[in-house]
Amino acid sequence: MILDFYRQEGRSFPWRETCDPYEILVSELMLQQTQTERVVPKYLNWLQEFPTAQALAQAPFSQVLAAWSGLGYNRRAGYLQEACRQVVEELSGVFPSSARELEKLRGVGPYTARAVVTFAFNKPEVFIETNIRSVYLFLFFPRDNFPSEQEGGHKEPAEGITPAKDKVADSSLMPLIEATLYHEDPRTWYYALMDYGAQLKKSTANPNRRSLHYSRQSKFQGSLRQARGAIIRSLAQTQGNALSLKEIEGESGIELYRLESAAESLVAEGMVCRQGDLYCINENR
């Protein structure tokens, strides 16, 4: 059923047309908490600017952040560059083909490592992400077991009404994912699962509401993320020049007190340097 759906309704993305582990890693980090429609143009532009891991490893950090601008969660760009530096400097530019070795790279966790191994090398690995989770919750944990989702009850229950014990942990899904893994062509299988899950979210009440790990993303407007993004965006466009938070306030319209809190966190993470009242991108991170 899943594969038949994919043959007829499967989506097309540029990262599905490559087996290059660098290009797959770029897509995986870009897709974290970001909609695919926003990622496609950024992904294509990124590979034009940084076509190889070596090109990215050698680029100024301000250039990397400028290319990442608009995707949010800018630390992902730093992780990606650091991972590529490890590959170039420690592994002669060759990406590992095992999840265990990939997890040694900066910013590469268990999911990302297994996704890269599957999509770049077509090796059968067991992993879960939001659309895959939707498929297994929908098929193996039907709505009848969740009163809040029965007919006439599609609205999400208020915080605290549905006890955690009534929700499904990923630890209950992983054995099902492993048992149904299509070993002959895991790359196609996972693409099919992801597309089927994406379609489910459009055609039925979101199955992920049954997950123990489900939570709504916090609002961007007025958030610390928004202030951090504004600082990075302004500084990345200065070509090495420093700016005061007052100048960034004038450009972004974000209140100074919010920018001060955001700048403090960026300095602590090593993404930004402070020189008196001026800030700049940390090119030596």
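See the structure shown above.
Regarding the overall build of the protein chain
When helices and strands are tallied, the protein chain shows 14 helices and three strands. At 21 Å, the protein chain has a C-alpha radius of gyration in line with the 19 Å of a compact globule built from 285 residues. Principal-axis analysis of the C-alpha atoms gives the protein chain an extent of 60 × 45 × 30 Å. Evaluated residue by residue, the protein chain yields a buried proportion of 46% over its 285 residues. Sequence separation of 24 or more characterises 68% of the internal contacts of the protein chain that already satisfy a separation of 6 or more. Summed over all atoms, the accessible surface of the protein chain reaches about 14,700 Å², with 48% contributed by carbon and sulfur.

A closer look at the sheet that holds strand 3 (residues 278-281)
Strand order in the open sheet made by the three strands is 1-3-2, with antiparallel pairing throughout. Taken across any chain shown, the strands that pair with only one partner, and hence form the sheet edges, are strand 1 (243-244) and strand 2 (272-275). As paired strands, strand 1 and strand 3 are joined by two bridges and run antiparallel to one another. Bridging across to strand 3, L243 finds its partner in Y279. With respect to the sheet, helix 12 (residues 224-236) is in contact with strand 1, strand 2 and strand 3, its orientation differing from that of strand 3 by roughly 80°.

Observations regarding the state of the cysteines
Inspection of the entire model under this criterion finds zero disulfides. Looking at the unpaired C19, the closest cysteine sulfur is the one in C84, lying at 18 Å. We classify C19 as partly exposed; its relative accessible area is 43%.

Quick look at the environment of S92
Topologically, S92 is positioned in the loop between helix 6 (75-90) and helix 7 (99-102). Judged by relative accessible area, which is 70%, S92 ranks as exposed.

Considerations on the pairing of strand 3
Sheet analysis places strand 2 next to strand 3, joined by four bridges and oriented antiparallel. Paired with Q275 across the strands is L278, a residue of strand 3. The hairpin formed by strand 2 and strand 3 contains two residues between the paired strands, and G276 there has a positive phi angle of roughly 65°.

Things to note about unusual backbone geometry
You will see that Y73, though not glycine, has its phi angle at about 45°, which is positive. Turning to its location among the elements, Y73 is positioned in the loop between helix 5 (61-68) and helix 6. In this model, S92 sits at a positive phi of 55°, which is unusual for a non-glycine residue.

Details of the pattern of salt bridges
The tally for this structure, following the rule as stated, stands at eleven salt bridges. A salt bridge links E269 to R75; its shortest N-O distance comes to 2.9 Å. Taken together, the residues span a long stretch of sequence, with E269 in helix 14 (residues 256-269) and R75 in helix 6 at a distance of 194 residues. E269 sits in the partly exposed class, given a relative accessible area of 33%. Its salt-bridge partner being R258, residue E255 comes within 2.9 Å of it at the nearest N-O pair. By relative accessible area, E255 is classed as partly exposed at 36%. Classification of R258 as buried rests on a relative accessible area of 13%. In this structure, a network of salt bridges that share partners links the residues R11, R16 and D195.

Remarks on the packing of aromatic side chains
A complete count under the given rule lists ten aromatic pairs for this structure. With a centroid separation of 5.3 Å and an interplanar angle of 85°, the aromatic rings of W15 and Y43 are classed as edge-to-face. You can see W15 sitting in the loop between helix 1 (2-9) and helix 2 (21-31) and its partner Y43 sitting in helix 3 (residues 36-49), a full 28 residues away along the chain. Residue W15 is classed as buried on the basis of its relative accessible area, which comes to 5%. You can call Y43 buried: its relative accessible area is 2%. The rings of Y111, F119, F127, Y190 and Y191 are connected pair by pair, giving a single aromatic cluster.

Concerning helix 10 (residues 170-179)
Every buried residue of helix 10 is accounted for by D170, L173 and I177. Mapping the buried residues of helix 10 onto a view down its axis gives an arc of 60°, with all of them on the same face. Facing away from the buried side of helix 10 by more than 90 degrees, the exposed set consists of S171, E178 and A179. Of the surrounding elements, those touching the buried residues of helix 10 are helix 9 (130-140) and helix 11 (186-203).

Some points on the packing of helix 2 against helix 3
Where helix 2 contacts helix 3, the axes come no closer than 10 Å and their chain directions differ by 145°. Where helix 2 crosses over helix 3, the two elements pack in a sense that is right-handed. Residues Y22, E23, V26, S27, M30 and L31 of helix 2 form the contact with helix 3, whose own contacting residues are T36, V39, K42, Y43, W46 and L47.

Thresholds applied
- Residues numbered from 1 in each chain as written.
- Predicted model: local features only at pLDDT ≥ 70, side-chain atom pairs only at ≥ 80, totals over all residues.
- Heavy atoms only, no water.
- Helix = DSSP H or I, 4+ residues; strand = E, 2+ residues; numbered from the N terminus.
- Rg over C-alpha atoms; globule rule 2.2 N^0.38 Å.
- Buried < 20%, exposed > 50% of the residue type's maximum accessible area, 1.4 Å probe, protein only.
- Contact = heavy atoms within 4.5 Å.
- Areas by Shrake-Rupley, 256 points an atom, 1.4 Å probe, with all protein chains shown as cover.
- Pairing = 2+ DSSP bridges.
- Axes fitted to C-alpha atoms, helices over the stretch in contact; angles between N-to-C directions.
- Disulfide = S-S within 2.5 Å.
- Salt bridge = Lys/Arg side-chain N within 4 Å of Asp/Glu carboxyl O.
- Phe/Tyr/Trp six-rings, centres within 6.5 Å; stacked < 30°, edge-to-face > 60°.
- Arc of directions from axis to C-beta.
- Left-handed = near helix turned anticlockwise from the far one by under 90°.

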